[in-house]
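So the chains spell out like this:
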Amino acid sequence: MEFHSKARPNKLTPTPEMEFHSKPCSKKLTPTPEMEFDSIKIKPPPPPPTTTPTVKFLLLLIWKPPVQICAGFDSATGDRETLLRFVESRFPQPPLAAVTVIRDDYREKVYDDVTSPVIVRVVVLQHKSVRWHLERMVRWAEDLAKRGGKKAVDPAVGSPRMEIRKFGKSYSQLLELMLEHAQMEERVVFPVLEMADRGLCKGANEEHAKHLPIMNGIKEDIKSIGVLDSGTPVYQEALYNLSVRLKSLQGHCKEHFEEEERDLLPLVQATEMSKEQQKKILFQCVNTMQGTHSHLFKVFLEGLLPQEAMLYLDLITDAVAKNQLSPCYL
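The structure presented is a predicted model; accordingly, all values stated were derived computationally and were not measured. (Residues numbered from 1 in each chain as written. Predicted model: local features only at pLDDT ≥ 70, side-chain atom pairs only at ≥ 80, totals over all residues. Heavy atoms only, no water.)

Participant: I'd like a rundown of helix α3 (residues 160–196), residues and numbers included.
Facilitator: Along its 37 residues, α3 runs 52 Å from first to last C-alpha, staying within 8% of the 54 Å computed at 1.5 Å per residue. Along α3, the sharpest kink reaches roughly 40°, centred on F190 and followed within four residues by the proline P191. (Helix = DSSP H or I, 4+ residues; strand = E, 2+ residues; numbered from the N terminus. Expected span 1.5 Å × (residues − 1). Bend = angle between axes of the 7 residues up to and from the residue.)

Structure (structure tokens):
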């Protein structure tokens, strides 16, 4: 038989199922977290970082219901609390609602926002904003004195003369905040305590009288520096003196605020004011500080943490609406 004498062909006719050995595969494989190739583990891409969007809650101060907030395909309509809960449920970090206490920076004393009179919480928050702005001005003055008339690292600040003008504008805004705050205490807060105990606020009023010449003197110093030639010894000395005077003012205000919050504000609660009396006093407070609650409101809020700013808005909303103050900060 011939098959014994002839070599059997060793060539097979390829089939479609066998072509993967010789032809590249056209189908791409999608790697999974469990797949490994040559000890290189293919991991899935990390999830996008969780970000908390900036929400303009100042708009809630003057809304006219109904107001609707949309986030993706979800939306909510309702009062302030409903919208806050909606935003917090969609963006849980950091929490925006449930702000129940204000902690004093000087002490561990807690002012509970449920039991403390509204005016006490308003005064504490105003103290916080003033302290923040004072600290900012002190650091800025120290930097000016250290540079001695040289340009700032940030070109947006401008020339030394331009920077002094900006410094003077910021201080003027702070001065207006401080003066209105002092007037509010003298005309609204202190009379409440004087009715309960005559002479109780004499020391605080005297401190206000001492601070006024210092604050006005610093404003005049800034004006004088603005007309000096930068880089001269006189200019450098004036910057140094300005830094020292601002630091001194900061120390006086710190001590004064501590004394008020330690000795006077706790006594406001002892007067046992009714809710209607508290509303009346808050109305007088806002009416006395119209500059702070209108064209300076954005500046004022810069000195507060976001949770504190929201709490302050909640405290004064009704009083602002009744005063019909123009929301120039929006």
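Participant: Report on helix α4 (residues 202–226), specifying residues and quantitative values.
Facilitator: With 25 residues, α4 extends 38 Å between its outermost C-alpha atoms, agreeing within 8% with the 36 Å of an ideal straight helix rising 1.5 Å per residue. For α4, the complete set of buried residues consists of A204, H208, H211, M215, G217, I218, I222 and I225. The inward-facing, buried residues of α4 abut α3 and α5 (233–270). (Buried < 20%, exposed > 50% of the residue type's maximum accessible area, 1.4 Å probe, protein only. Contact = heavy atoms within 4.5 Å.)

Participant: Help me get a handle on empty space enclosed by the protein, residues and values and all.
Facilitator: Evaluation of the coordinates by the stated rule reveals two cavities of 30 Å³ or more. If you go around the largest cavity, the residues you meet are L144, R147, G148, G149, K150, P160, E163, Y235 and L239. Mapped by element, the contributors of at least two residues to the lining of the largest cavity are α2 (118–147), α3 and α5. The residue makeup of the lining of the largest cavity, split by class, is four nonpolar, two polar and three charged. Roughly 40 Å³ of volume is contained in the second largest cavity. Forming the walls of the second largest cavity are Q126, V130, L177, H181, M289, T292 and F300. Counting residues per element, the ones that place at least two in the lining of the second largest cavity are α2 and α3. The class makeup of the residues in the lining of the second largest cavity is four nonpolar, three polar and no charged. (1 Å grid on protein atoms, 1.4 Å probe; cavity = no way out; pocket = protein on both sides within 12 Å on 5 of 7 lines; lining within 4 Å. Points joined across faces, edges and corners; volume = space filled by probe spheres on them. Nonpolar A, V, L, I, M, F, W, Y, C, P; charged D, E, K, R; others polar.)

Participant: If you had to explain the packing of α3 against helix α6 (residues 275–288) to someone new, which residues and values would you point to?
Facilitator: Axis separation between α3 and α6 bottoms out at 9 Å; the angle between their running directions is 155°. Classed by the angle they form, the pair α3 and α6 counts as roughly antiparallel. The handedness of the crossing between α3 and α6 is right-handed. Two secondary-structure elements touch here, α3 through E180, Q183, M184, R187, V188 and V192 and α6 through I281, Q284, C285 and T288. Taken together, the residues of the contact of α3 with α6 break down into five nonpolar, three polar and two charged. (Axes fitted to C-alpha atoms, helices over the stretch in contact; angles between N-to-C directions. Parallel < 35°, antiparallel > 145°, perpendicular 65-115°, else oblique. Left-handed = near helix turned anticlockwise from the far one by under 90°.)

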